[in-house]
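# Observations on the model geometry
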Amino acid sequence: MANDEYTLVDGGEAPKIAKHSKGKVNFDVLKNQSEKLFIRMIHTEEDKGTFSDKIISLSDIYNCVRQHMGINQSISAQPFKKLFSDGDKDSHSFLAAVLRKIGLLKKDPDKPTKHLVKEHAEWSQFEAEMLATEGIPRTK
C-alpha cells in the first residue's frame, strides 16, 4: 500500500451541531498500512458550509483535546482549528460533529454546542475496534 492509500473502516453522516443547522457532515474513518487512523470529511452536492476534505490523523485530533480528559469541563471546537488552514472556516466545528457521532466527544447537557471529551480508554477502544476492522481499500 502506498502512502496515499487507505482502507475505509467506517463512516457515515454526523448531524451539524450549530443551533440552527439542519444539515449533516459526511465522513470516512480510514486506516493506513502503518496501522494509524484518520478522519476525512467528505463534500457532497448538498454541502452548504466550507470545510476541508483533508485527511486528519486521529492522533493529531487526540493531541488537541487530551488535556481536557477526565476534568468534566466542556470545550468548544476551537482546539481543532489548528488542524486546518485559514480558508477552512467551519472545519473545526464539523470535525467536532463527526467526533460526537463516533463517540469520542459527547454533548454537554448544559451547553448543547459544547463538548465533553471522552476518557482515554474510550479513545483507545475506538482505535482498537477500527484497526481490527477489515475495511475496503481506497486511494486518497
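## Notes on the confidence of the model for the protein chain
Considering every residue of the protein chain, the mean pLDDT works out to 87; 89% of them sit at 70 or more. Confidence, expressed as mean pLDDT per element, reaches its minimum in the protein chain at strand β7 (residues 136-139) with 72 and its maximum at helix α1 (residues 58-65) with 96.

## Examining the packing of aromatic side chains
All told, the structure shown has 2 aromatic pairs when counted by the stated rule. Measuring from ring centre to ring centre gives 5.3 Å for Y6 and F38, while their planes differ by 75 degrees; the resulting arrangement is edge-to-face. You can see Y6 sitting in strand β1 (residues 5-15) and its partner F38 sitting in strand β3 (residues 37-42), a full 32 residues away along the chain. Considering the side-chain rings of Y62 and W123, the 5.5 Å spacing of their centres and the 70 degrees angle between planes classify their relative orientation as edge-to-face. Taken together, the residues span a long stretch of sequence, with Y62 in helix α1 and W123 in helix α3 (residues 120-132) at a distance of 61 residues. Since its relative accessible area comes to 18%, Y62 is described here as buried.

## With respect to unusual backbone geometry
Residue E35 is not a glycine yet carries a positive backbone phi of 60 degrees. Looking at the element boundaries, E35 is found in the loop between β2 (24-31) and β3. You can call E35 partly exposed: its relative accessible area is 41%.

## Some points on the nonpolar core
Of all hydrophobic cores here, the largest spans 35 residues; its most connected members are I61, F80, L95, L99 and W123. At the level of secondary structure, the elements contributing two or more residues to this core comprise β1, β2, β3, α1, α2 (91-101) and α3. With 6 residues, the top contributor of residues to this core is α2.

## Considerations on the pattern of salt bridges
Applying the stated criterion across every chain, the model contains 2 salt bridges. For the salt bridge of R40 with D28, the shortest nitrogen-to-oxygen distance reads 2.8 Å. Remark: D28 occurs in strand β2 and R40 occurs in strand β3; sequence separation between them is 12 residues. There is no split in this pair, since R40 and D28 are both buried.

Calculation criteria
- Residues numbered from 1 in each chain as written.
- Predicted model: local features only at pLDDT ≥ 70, side-chain atom pairs only at ≥ 80, totals over all residues.
- Heavy atoms only, no water.
- pLDDT = per-residue confidence, 0-100.
- Helix = DSSP H or I, 4+ residues; strand = E, 2+ residues; numbered from the N terminus.
- Phe/Tyr/Trp six-rings, centres within 6.5 Å; stacked < 30°, edge-to-face > 60°.
- Buried < 20%, exposed > 50% of the residue type's maximum accessible area, 1.4 Å probe, protein only.
- Core = buried A, V, L, I, M, F, W, Y, C linked by side-chain atoms within 4.5 Å.
- Salt bridge = Lys/Arg side-chain N within 4 Å of Asp/Glu carboxyl O.

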